Amino acid sequence: MKKWLLSTPILMTLVACSASNESKQQANDNFEKYAQQQVSFAPLASGGVNLPVQDNTYALPQLNQQAHQKVDIRPPSTPIAMINNSIAQFDGERALIAYPSSKEAVYSLNQVARLLKEQGIHYQYQDNRIETNWAATGRADDIGDTQIRYLIEQVQYQGTSALVVSILQMKRDNIIFTPTMAQKQRYTSDRLNQLIGELNRAYRKQQNELNSTAITPIQTQLTTDINGRTALALNAPFKQAWQRLRGALNQVGFETSSENPGRGYRELKYRPLEKTEWARFGVAAPELEKGEYAMQLADLGRQSAVVITDEDGNALSGNQAQSIYQALQAIFAK
């Protein structure tokens, strides 16, 4: 009879392979299930010997802490400087974007209020601040029904404006809670970026519509407005006249420094032209000093009227008004 001799390593391998699969951790099993299993040992037989008492000097403290916690793995959101010459940041409580005051006509609290109204978000608007009612975050990766009440403010300081977004209250499934700093950063940044993005899209759409309009001659005539000031009447609606006037004024030496389309108002800087340049328009050079001026465009339905004033608010008159307005007439006639 043959005897089979098995070496110790082979024997151990066979024993391990014969163990039950139920005691093995599967690929889809989680660690927590095994962490909760308690290992028990039989009492140590001392054999009549008195064992030393356990010393707790270096014992680890017992913490009532979960073996695992849910971690928000979503990348953080940050304010984006989507406006030219702007700065965007989160200061620990608020997301903000600062930009030149000359861009207030596009990025103002009035424009933000218009967007909120279009989105169906109710709000209270007073003293350069908007407090919204409960509004959805707009994120598809939120857990439960997460809603926020926002505070949106506009601040002006030394030629700079800023839109600031912060959180007033936050709730999930109708339970109000205090947001963490990470949540404040995520949701204020999201709302600010969304608002600025919408304002950018609206402005680009408006500019494209104006630029796509065919440039046609505009009939003009010198007139007097209701205040007795010399004005230039244009046979064009406000929107078309506003767009055309910017380039026309630039040709006669007026550069736009800031503007407010809602009020039909532009601040201008005048640089005198050479006499030969005025001759191109068929008028004499006006005796107009270099400096600050302004333009006010009035909406008269299918027509509009423009008045140019000096830094003191006095409308141009006499030869000055004649030369400037006649030059503009020559430009609009082309």
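Residues numbered from 1 in each chain as written. Predicted model: local features only at pLDDT ≥ 70, side-chain atom pairs only at ≥ 80, totals over all residues. Heavy atoms only, no water.

### Side note on the pairing of strand β7 (residues 160-172)
Relative to β7, strand β2 (residues 95-100) is paired through six bridges, and the arrangement is antiparallel. In the sheet register, Pro100 faces β7, and the bridge partner there is Thr160. Note that strand β6 (residues 146-157) and β7 share 12 bridges and pair antiparallel. Directly across from Glu153, in β7, lies its bridge partner Val164. The antiparallel pairing of β6 with β7 creates a hairpin that spans two residues between the two strands, and Gln158 there sits at a positive phi of about 50°. Of the strand pairs in this sheet, β7 and strand β8 (residues 175-177) are connected by three bridges, and their pairing is antiparallel. The residue of β8 that forms the bridge with Lys171 is Ile176. The loop that links β7 with its antiparallel partner β8 comprises two residues; one of these, Asp173, has a positive phi angle of about 50°. (Pairing = 2+ DSSP bridges. Helix = DSSP H or I, 4+ residues; strand = E, 2+ residues; numbered from the N terminus.)

### Regarding the layout of surface pockets
Empty space left among the atoms is revealed by rolling a probe the size of a water molecule over them. What the largest pocket holds in volume is close to 1,200 Å³. What lines the largest pocket is a set of 47 residues, among which Ala105, Val106, Tyr203, Glu259 and Pro261 lie closest to the centre. With nine residues, the top contributor of residues to the lining of the largest pocket is helix α4 (residues 181-212). For the lining of the largest pocket, the class distribution of residues is 16 nonpolar, 19 polar and 12 charged. The volume enclosed by the second largest pocket comes to roughly 300 Å³. Lining the second largest pocket are 14 residues, and of these Asp72, Arg74, Ile143, Arg172 and Gln183 lie nearest its centre. Tallying contributions element by element places α4 first for the lining of the second largest pocket, with four residues. (1 Å grid on protein atoms, 1.4 Å probe; cavity = no way out; pocket = protein on both sides within 12 Å on 5 of 7 lines; lining within 4 Å. Points joined across faces, edges and corners; volume = space filled by probe spheres on them. Nonpolar A, V, L, I, M, F, W, Y, C, P; charged D, E, K, R; others polar.)

### Some remarks on the packing of aromatic side chains
In this structure the tally under the stated criterion is six aromatic pairs. When the centroid spacing of 6.3 Å and the interplanar angle of 70° are considered together, the rings of Trp278 and Phe281 count as edge-to-face. Each member of the pair, Trp278 as well as Phe281, is classed as buried. Joined through ring pairs, the aromatic side chains of Phe254, Tyr270 and Tyr293 make up one cluster. (Phe/Tyr/Trp six-rings, centres within 6.5 Å; stacked < 30°, edge-to-face > 60°. Buried < 20%, exposed > 50% of the residue type's maximum accessible area, 1.4 Å probe, protein only.)

### A look at the pattern of salt bridges
Oppositely charged side chains can pair when the atoms bearing their charge come close. All told, the structure shown has 14 salt bridges when counted by the stated rule. Residue Asp225 is joined to Arg229 by a salt bridge in which the shortest nitrogen-to-oxygen separation is 2.9 Å. Here Arg266 and Glu259 are joined by a salt bridge, their closest N and O atoms 2.9 Å apart. Judged by its relative accessible area of 23%, Glu259 is partly exposed. (Salt bridge = Lys/Arg side-chain N within 4 Å of Asp/Glu carboxyl O.)

### As for the environment of Ile148
For Ile148, the position within the fold is in strand β6. Given the relative accessible area of 0%, Ile148 is considered buried. Each C-alpha atom, one on Ile148 and one on Ala135, is 5.4 Å from the other, the two residues being 13 residues apart in sequence. When residues no more than four places from it in sequence are discounted, the contact partners of Ile148 are Thr132, Asn133, Trp134, Ala135, Thr137, Ile167, Gln169, Met170 and Tyr187. (Contact = heavy atoms within 4.5 Å.)

### Considering the pairing of strand β1 (residues 87-90)
Note that β1 and β2 share four bridges and pair antiparallel. The residue of β2 that forms the bridge with Phe90 is Ala95. Hairpin remark: β1 followed by β2, antiparallel, with four residues in the connecting loop; positive phi at Gly92, about 105°.

### Describing the packing of helix α5 (residues 238-251) against helix α7 (residues 318-332)
Interhelical geometry of α5 versus α7 gives an angle of 120° and a closest axis separation of 10 Å. The orientation of α5 with respect to α7, classified from their angle, is oblique. Once α5 is placed against α7, the crossing between them reads as right-handed. On α7, the residues that touch Arg244, Leu245, Ala248, Leu249 and Gln251 of α5 are Leu328, Ile331 and Phe332. Per-class residue counts for the contact of α5 with α7 are six nonpolar, one polar and one charged. (Axes fitted to C-alpha atoms, helices over the stretch in contact; angles between N-to-C directions. Parallel < 35°, antiparallel > 145°, perpendicular 65-115°, else oblique. Left-handed = near helix turned anticlockwise from the far one by under 90°.)

### So, the environment of Phe238
Within the secondary structure, Phe238 sits in helix α5. A residue is classified by how much of its surface remains accessible, and Phe238, at 19% relative accessible area, is buried. Remark: the alpha-carbon pair of Phe238 and Ala298, spanning 60 residues in sequence, is separated by 7.4 Å. Residues contacting Phe238, with those up to four places away along its chain left out, are Pro261, Gly264, Leu297, Ala298, Asp299, Gly301 and Ser304.

### Quick look at helix α3 (residues 109-118)
Buried residues of α3: Leu109, Val112, Ala113, Leu115 and Leu116, and no others. Projected down its long axis, α3 shows its buried positions confined to an angular sector of 160°, all on one face. In α3, those exposed residues whose orientation departs by more than 90 degrees from the buried face are Asn110, Lys117 and Glu118. (Arc of directions from axis to C-beta.)

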